[in-house]
Amino acid sequence: MNIIIVACGNVNTEQLCCLYKNTREPYLIGVDRGTVTILSAGLPVSLSVGDYDSLVEGDEKKLEAVSNREILNPVKDDSDTEHTLRRAIDMEPESIVLMGATGSRLDHTFSCIRMLRAAEEKGIDAYILDENNKIRVTRGEVILYKNSTFYYRDRDYKNHYISVLPYGDELKHLTEKGFKYEIEDYTLPAASSRGVSNEIVQDKGIISCQDYMIIMETRD
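Parameters at a glance
- Residues numbered from 1 in each chain as written.
- Predicted model: local features only at pLDDT ≥ 70, side-chain atom pairs only at ≥ 80, totals over all residues.
- Heavy atoms only, no water.
- Buried < 20%, exposed > 50% of the residue type's maximum accessible area, 1.4 Å probe, protein only.
- Helix = DSSP H or I, 4+ residues; strand = E, 2+ residues; numbered from the N terminus.
- Arc of directions from axis to C-beta.
- Contact = heavy atoms within 4.5 Å.
- Polar contact = N/O pair within 3.5 Å; in protein donor to acceptor, adjacent residues only side chain to side chain.
- Phe/Tyr/Trp six-rings, centres within 6.5 Å; stacked < 30°, edge-to-face > 60°.
- Lys NZ or Arg CZ within 6 Å of the ring centre and 35° of its normal.
- Salt bridge = Lys/Arg side-chain N within 4 Å of Asp/Glu carboxyl O.
- Pairing = 2+ DSSP bridges.
- Right-handed = clockwise from strand over helix to strand, strands pointing away.
- Core = buried A, V, L, I, M, F, W, Y, C linked by side-chain atoms within 4.5 Å.

## Looking at helix α1 (residues 13–21)
Then step 1. Along α1, the residues that are buried comprise Q15, L16 and L19. Projection of α1 onto a plane perpendicular to its axis shows the buried side chains occupying an angular sector of 100°, all on one side.
Then step 2. Buried-residue contacts for α1 involve β1 (2–6), β2 (26–31), α2 (34–40), β5 (95–99) and β6 (125–129).
Then step 3. The N-capping residue of α1, defined by a side-chain oxygen 2.9 Å from the backbone nitrogen of E14, is N12.

## Section: the packing of aromatic side chains
Then step 1. Applying the stated criterion to the full structure yields one aromatic pair.
Then step 2. One Lys or Arg, K134, reaches over the ring of Y127 and ends 5.0 Å from the middle of that ring.

## A few points about the pattern of salt bridges
Then step 1. Throughout the structure, instances matching the rule amount to 12 salt bridges.
Then step 2. The salt bridge involving R69 is made with E60; its shortest N-O contact spans 3.1 Å.
Then step 3. Its relative accessible area of 40% is what places E60 among the partly exposed residues.
Then step 4. E64 is paired through a salt bridge with K61; the nearest N and O atoms lie 3.5 Å apart.
Then step 5. The class for E64 is exposed, based on a relative accessible area of 56%.
Then step 6. Residue K61 is classed as exposed on the basis of its relative accessible area of 59%.
Then step 7. Within the structure, one salt-bridge network assembled from shared partners comprises R24, E25 and E94.

## A few points about helix α4 (residues 80–90)
Then step 1. Within α4 the residues assigned to the buried category are D80, T81, T84, L85, A88 and I89. Around the axis of α4, the buried residues are gathered within 165° of arc, so they sit on the same side.
Then step 2. Where the residues of α4 are buried, they touch β1, β2, β3 (47–50), β5 and α5 (106–121).
Then step 3. Note on α4: the residue one or two positions beyond its end, E92, has a positive phi of about 55°.

## Overview of the environment of G50
Then step 1. Looking at the secondary structure, you find G50 in strand β3.
Then step 2. Classification of G50 as buried rests on a relative accessible area of 0%.
Then step 3. Considered as a pair, G50 and T84 are 34 residues apart in the sequence and their alpha carbons are 8.2 Å apart.
Then step 4. Contact partners of G50, with chain neighbours within four places excluded, come to D32, E70, I71, L72 and D80.

## A look at the pairing of β3
Then step 1. The two faces of β3 match: L47 and V49 on one face and S48 and G50 on the other face are all buried.
Then step 2. Here β2 runs beside β3; their pairing, made up of three bridges, is parallel. By the bridge assignment, I29 is partnered in β3 with L47.
Then step 3. Between the parallel pair β2 and β3, the chain is carried across by α2, and the sense of this crossover is right-handed.
Then step 4. Looking at chain direction, β3 and strand β4 (residues 69–71) are connected through three bridges and run parallel. Among the inter-strand pairings, G50 is bridged to a residue of β4, identified as I71.

## Side note on the side chain of D80
Then step 1. When you line up the elements, D80 lands in helix α4.
Then step 2. A relative accessible area of 10% places D80 in the buried class.
Then step 3. Side-chain polar atoms of D80 contact the backbone nitrogen of D51, separated by 3.3 Å.
Then step 4. Setting aside residues no more than four positions away along its own chain, D80 makes contact with V31, D32, G50, D51, Y52 and L72.

## Observations concerning the nonpolar core
Then step 1. Counting residues in hydrophobic clusters, the biggest one holds 30 residues, and the most contacted among them are I5, I29, I96 and I128.
Then step 2. Tallying contributions element by element places α5 first for this core, with six residues.
Then step 3. Aside from chain neighbours lying at most four places away, what touches I128 is L98, A101, T102, C112, I113, L116, N133, K134 and I135.

What follows is the structure, given as structure tokens:
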């Protein structure tokens, strides 16, 4: 099973459909109004979770088609997205893709990026996806490929950048090979932009570091 979570931020439904089509044993979870996004894409909702405080007029009628719903108390110590992500982790899937985690609310975006560590700690491949970004939190060795897909058919792959940022105060013993700007056993402080906008120049790029790091694959 591979879980796709759709939260309430910006989601391109064409990209969502492409991701769904290319995912083995997909399990779709809608977070609050993200459930309506899934329905609007014509895809099946496996589970809907939320306190539903983001619904607009007409949404509740649409949600009647969803039989599996978990209604949360709006007065709680975590966000709907965090609750859903931790629920997904407990299901022990092969992977988790979180869409709708980016948009105008930078506080939610930043929080979602930080939460990816919880999946990494359980050995689950997890990342945030939108039209221009794939974001993951990981450590150890990571292999990235030059033509990594964003599951969006009408964009080419030029201007494909890789950025590495510390999850904590710094990254010790950071190494990047196969990139335009290679790094060997470097300490990258949090207050530095040196890890931003690198480019893979070989078929693949290899990043290694024992500290937790945020890896962003981005494009214009």
